[in-house]
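In case you want the letters, here they are:
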Amino acid sequence: PTELPFCPALTNYLIITLYSLLLLDTTTHPQWFVQAIRQVKAFQCHALHPPLWRFLFDSEAATLNARILQRVNFDIHWAISLQNDSIVAYGLEFKPVHVLEPLLGRHPLWSAFRSILEHGAAYPLRDIGNASRSQDIQDAITRGNHKSAIINFNLLKSMMTTEVEFGYALPIPIDIIHQMPHAAVAPLGLVFQDTIDEFGTVKVKARATHDQSFAFLSGLSVNDRVIHDQLIPCQYGHCLLCILEKNILSCTTLLLPVVSSLMFEFL
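In this text the structure is predicted, and so the values were computed from the model without any measurement. (Residues numbered from 1 in each chain as written. Predicted model: local features only at pLDDT ≥ 70, side-chain atom pairs only at ≥ 80, totals over all residues. Heavy atoms only, no water.)

Novice: Which parts of the structure should I look at to understand the overall build of the protein?
Specialist: Along its length, the protein carries 11 helices and two strands. In the protein, the order of α-helices and β-strands from amino to carboxyl end is α-α-α-α-α-α-α-α-α-β-β-α-α. Relative to its 267 residues, the protein shows a buried fraction of 28%. Sequence separation of 24 or more characterises 67% of the internal contacts of the protein that already satisfy a separation of 6 or more. As displayed, the protein offers around 17800 Å² of accessible surface, 59% of which is attributable to carbon and sulfur atoms. (Helix = DSSP H or I, 4+ residues; strand = E, 2+ residues; numbered from the N terminus. Buried < 20%, exposed > 50% of the residue type's maximum accessible area, 1.4 Å probe, protein only. Contact = heavy atoms within 4.5 Å. Areas by Shrake-Rupley, 256 points an atom, 1.4 Å probe, with all protein chains shown as cover.)

Novice: I would appreciate a short explanation of the layout of surface pockets in the present structure.
Specialist: To locate leftover empty space, one rolls a probe as large as a water molecule over the atoms. By volume, the second largest pocket amounts to about 370 Å³. In terms of lining residues, the second largest pocket is bounded by 16 residues, among which Y90, G91, L92, F94 and P96 are the most central. Of the residues assigned to the lining of the second largest pocket, the class counts are 10 nonpolar, three polar and three charged. (1 Å grid on protein atoms, 1.4 Å probe; cavity = no way out; pocket = protein on both sides within 12 Å on 5 of 7 lines; lining within 4 Å. Points joined across faces, edges and corners; volume = space filled by probe spheres on them. Nonpolar A, V, L, I, M, F, W, Y, C, P; charged D, E, K, R; others polar.)

Novice: I tried to follow the confidence of the model for the protein on my own but got confused; where do I start?
Specialist: Close inspection of predicted coordinates is inappropriate for parts of the model with low pLDDT. Looking at the protein as a whole, the pLDDT averages 83, with 78% of positions reaching at least 70. Long-range and interchain partners of residues 22-26, a stretch whose pLDDT sits below 50, account for seven contacts in this model, where long-range means more than four residues apart. Confidence over residues 252-267 falls short of pLDDT 50; this stretch has 12 contacts with residues more than four positions distant or in other chains. (pLDDT = per-residue confidence, 0-100.)

Novice: How should a nonpolar patch on the surface be read in this particular structure?
Specialist: On the surface, a cluster of nonpolar side chains totalling about 300 Å² of accessible area is made up of L52, W78 and L82. Looking at where W78 falls in the secondary structure, it is placed in helix α4 (residues 76-81). (Patch = residues over 30% accessible without salt bridge, like charges linked within 9 Å, V, L, I, M, F, W, Y side chains within 5 Å. Salt bridge = Lys/Arg side-chain N within 4 Å of Asp/Glu carboxyl O.)

Novice: What is the right way to look at the pattern of salt bridges in this model?
Specialist: Opposite charge on two side chains permits them to pair, given that their charged atoms come into close proximity. Tallied over the entire structure, the rule returns five salt bridges. For R133, the salt bridge goes to D127, with nearest N and O atoms at 2.7 Å. Overall, R133 belongs to the buried group, its relative accessible area being 7%. One salt-bridge network, held together by shared partners, links E101, R114 and E118.

Novice: Even after reading the chapter, I still don't get the pairing of strand β2 (residues 202-210), so can you show me in this structure?
Specialist: Side-chain positions along a regular strand alternate between the two faces of the sheet. Pairing geometry for strand β1 (residues 188-196) and β2, over nine bridges, is antiparallel. Directly across from F192, in β2, lies its bridge partner A206. Taking the residues that link successive antiparallel strands as the turn, the β1-β2 hairpin has five residues, and the phi of G200 there is positive, at about 85°. (Pairing = 2+ DSSP bridges.)

Novice: So what exactly am I meant to see when it comes to the packing of aromatic side chains here?
Specialist: When we look at a pair of aromatic rings, we describe it by the centre distance and by the angle of the planes. This model, assessed by the stated rule, comprises five aromatic pairs. Between W32 and F33, the ring centres sit 5.6 Å apart and the planes meet at 80°, which makes this aromatic pair edge-to-face. The same class applies to W32 as to F33, namely buried. Ring geometry for F214 versus F216: centroids 5.1 Å apart, planes at 65°, classification edge-to-face. Under the relative-accessibility criterion, F216 is labelled buried at 9%. When the ring centre of W32 is taken as origin, the NZ or CZ atom of R106, which lies over that ring, is 3.8 Å away. (Phe/Tyr/Trp six-rings, centres within 6.5 Å; stacked < 30°, edge-to-face > 60°. Lys NZ or Arg CZ within 6 Å of the ring centre and 35° of its normal.)

Novice: Quick question: what am I supposed to make of the environment of P51 here?
Specialist: Mapped onto the elements of the fold, P51 is located in the loop between α2 (31-42) and α3 (59-71). Spatially, the C-alpha atoms of P51 and A89 are 9.0 Å apart, while their sequence positions differ by 38 residues. Ignoring anything within four residues of it in the chain, the contact list for P51 reads Q83, S86, I87 and V88.

This is the structure we're talking about:
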C-alpha cells in the first residue's frame, strides 16, 4: 500500500500519553513539553520505499513472499530488517525514537514502548520445543479454522483481504510455516457483536478472532505459554478521571449508558 491507514487506537494512546506527561511535573511550567512538541513536529521523515513483500490476497503474492523469506532462512525478523525503509519496518507509523524520547522519555513505560518501536512487540512465551511446535502446526493445518469461519467463509475472506491490503497481515503459503522459527498457528473464527454507529443506533458487526487460547496436540495454547511475571504491569493515571469529568459528566443522563459502553470497550 502507498498510504498508511488511520489507526484510532494508536492515536488515542498517544493523546492519553501526552496528556499524562503534563501531570508528571506540576510544580514548574512545562516549557520542556512545548519545546519537545515543536521538535517532533519540525522533524521531517524521509520518503519510504516500496516493501519487498507483496500485500495482495492471492497465491502469486504468497509465493513471492515465500521466496523472500527463503533467502533469510524463513526468519521473519531478518526479512523485516531488510526493509527498514518501507512500511513494514518496526515503528514506521511514528517519528524515530531519538526524536520522540525528549517528549515521551519521562513516561514510566517509555522503555517498553521504545523497545516495541525498535524491535516490534513480542509475547514473553515459554518454549515448547521444535518437536511439539511442529506437531501443533500440523494439527492446526489438518483441523483448520473454527466452524464459524468455515460457515462464513466469504465474509471472513473479505475481512482478511482488507487486513492484507492494509499491510496488517502477510500472505504466505501454508507449506512454509514448518520452516519459520518459533512459528505458532491460531485458528480463525468469526463472532457477531452489537455495536453502535455515530448516531447511537445499535447494529450487528462481524469481528474476526484469532483464538490464541485454543490448544493443539501439545496441550499448550499460546495464552497458556505466556510468562505472566514478564508482562508489562498495567498502570492507571489521572487521564481516565479527566476524560470522565470532561466528557461523561457533561453528557445528558440519556447518553451516559452509551458513553460508558464506549469507554469500557476502549479499555
